Amino acid sequence: MAEPVKEEDGQQLELISGRQTAAILMLLFDDEEAAKILERLEPDEAELLGEAMFSVADVDAIQIDGSLEKFLQLTKNQSMLAYKSDEKVGRVFRQALGTSRAETMMNRFAPKRPSNIAELLKWVPGKDLAELVENEPPQIAAVLISFMTPEAAAEMLQLVPSELQEELIYRVATLGPVSAHALAQIHALLENNGPSAEEIAPPMEIGGVTDSASIINSLPKQISQSVLKGVTKRDRKIAKQIEDEMFVFADLMNLSKKDIGSVVRKVDSAILVPALRGASSELKEKIFDAMSQRAAETIQDEMDEAPPQPMEAVISAQKGVIAIAKVMIDNGEISMSTGGADYV
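Residues numbered from 1 in each chain as written. Predicted model: local features only at pLDDT ≥ 70, side-chain atom pairs only at ≥ 80, totals over all residues. Heavy atoms only, no water.

## Description of the side chain of K326
Link 1 in the chain: Among the secondary structure elements, K326 is positioned in helix α20 (residues 311-330).
Link 2 in the chain: Those residues in contact with K326 that sit more than four places away from it in its chain are E243, D244 and F247. (Helix = DSSP H or I, 4+ residues; strand = E, 2+ residues; numbered from the N terminus. Contact = heavy atoms within 4.5 Å.)

## What about the pattern of salt bridges?
Link 1 in the chain: Following the criterion strictly, the structure yields 6 salt bridges and no others.
Link 2 in the chain: Of the charged contacts, one joins K326 and D244 as a salt bridge, the two residues approaching to 2.9 Å between their closest N and O atoms. Of the two residues, K326 sits in helix α20 while D244 sits in helix α15 (residues 236-246), which places them 82 residues apart along the sequence.
Link 3 in the chain: Using a relative accessible area of 30% as the deciding quantity, one classes D244 as partly exposed.
Link 4 in the chain: Where D289 meets K257, a salt bridge forms, and the shortest distance between an N and an O atom there is 3.7 Å. Placement of the pair is D289 in helix α18 (residues 281-289) and K257 in helix α16 (residues 257-264), with a sequence separation of 32 residues.
Link 5 in the chain: Each of E167, R171 and R234 takes part in one network of salt bridges that share partners. (Salt bridge = Lys/Arg side-chain N within 4 Å of Asp/Glu carboxyl O. Buried < 20%, exposed > 50% of the residue type's maximum accessible area, 1.4 Å probe, protein only.)

## Some details on a negative patch on the surface
Link 1 in the chain: Residues D44, E45, E47 and E51 make up a contiguous surface patch of negative charge.
Link 2 in the chain: Within the secondary structure, E47 is located in helix α3 (residues 43-55). (Patch = residues over 30% accessible without salt bridge, like charges linked within 9 Å, V, L, I, M, F, W, Y side chains within 5 Å. Areas by Shrake-Rupley, 256 points an atom, 1.4 Å probe, with all protein chains shown as cover. Lys, Arg positive; Asp, Glu negative; His and termini not counted. Charge placed at Lys NZ, Arg CZ, Asp CG, Glu CD.)

## Notes on the confidence of the model for the chain
Link 1 in the chain: Averaged over all residues, the pLDDT of the chain equals 77, while 76% of them reach at least 70.
Link 2 in the chain: For the stretch residues 193-200, pLDDT sits under 50, and the model shows 13 contacts to residues farther than four places along the chain or on other chains.
Link 3 in the chain: Segment residues 339-344 is flagged for pLDDT under 50; beyond a separation of four residues in sequence, or across chains, it makes 26 contacts in the model. (pLDDT = per-residue confidence, 0-100.)

## Let's talk about α18
Link 1 in the chain: Buried within α18 we find L283, I287 and F288. The buried residues of α18 occupy one face: seen down the axis, they fall within an arc of 130°. Across α18 from its buried face, at more than 90 degrees, point the exposed residues S281 and E285.
Link 2 in the chain: Those residues of α18 that are buried lie in contact with α16, α17 (269-277) and α19 (293-305). (Arc of directions from axis to C-beta.)

## Focus on the side chain of S212
Link 1 in the chain: Among the secondary structure elements, S212 is positioned in helix α13 (residues 209-218).
Link 2 in the chain: Discounting chain neighbours no more than four positions away, the residues touching S212 are I169, V172, A173 and I242.

## Thoughts on helix α12 (residues 180-191)
Link 1 in the chain: The first and last C-alpha atoms of α12 sit 16 Å apart over 12 residues, in line with the 16 Å expected at 1.5 Å per residue.
Link 2 in the chain: All buried positions along α12 are accounted for by A180, A182, L183, A184, I186, H187, A188 and L190. (Expected span 1.5 Å × (residues − 1).)

## Section: the environment of I37
Link 1 in the chain: Here I37 shows up in helix α2 (residues 31-39).
Link 2 in the chain: Overall, I37 belongs to the partly exposed group, its relative accessible area being 32%.
Link 3 in the chain: The spacing of I37 and M26 is 11 residues in sequence and 8.4 Å in space, taken between C-alpha atoms.
Link 4 in the chain: Sequence-distant contacts of I37, that is, excluding residues within four places in its chain, are made with M26 and F29.

See the structure below:
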């Protein structure tokens, strides 16, 4: 609850919650305005707001005035620049560069815009998605999964048979370009409509071993081990690629201080210096903290003196560190847990 607000006559009015304030405002808007706001909400946000709208049906005029005042206080310092800025930037760039060149450039710097399929999937309960993928060809199901968040995909996979879990993870890992016609069919499947004009769009690259690894990392340990084992029986090479992606440089954050120290002592500075260039400040701090003060200062000096490194060199160096850590994990020298999958 918000703090009470005193009126001039000394009586106290208890302000209702922010969610109820939003609900009151929604009921004050006309239907079209309220619908436009709902369109911009996530499924869980829309559900909570809907519940709140029913709960404020009997508020009095004083509470309504309090809600309006609270809304004005919260918004008076807000800039309007952010409102539909993505649409504004898109229009300006297309006008200046033409559609093709503008889209190519914006793909390099603009925030990722969710596809229509990804948006539709947010509104489908996990149980319904599980039933859907069981009744569709595995390749279609794999495309659907590739548009889901790893956490949502992991939740859904736990609702289907184990043999289908392995099949779908393998299919996601080996997905190639998906035609616009296939994407239109999937979009129609979710909306119960026929294929649309999306068929004229170019094929889309989705899926891959990184997506599969993210999903497996989000599964409970027992299920993730079973799925990876099943994929290994099917295709050892793909399973190895997935396993490699399950353990990335940022996962070193999950090591204890002692284990990080054990790893870096085995890593040559020629590898560690470029590897740390691509690390987060938190990971750098944790690694330096696991080293002696002298060693940490030496590495920091080398980083300061080293020339800029191409991204390929940084990634290669990080993979070198991870390779050493994985050998140590396999030998039982260190242990680590990431998401649902444990490394011991």
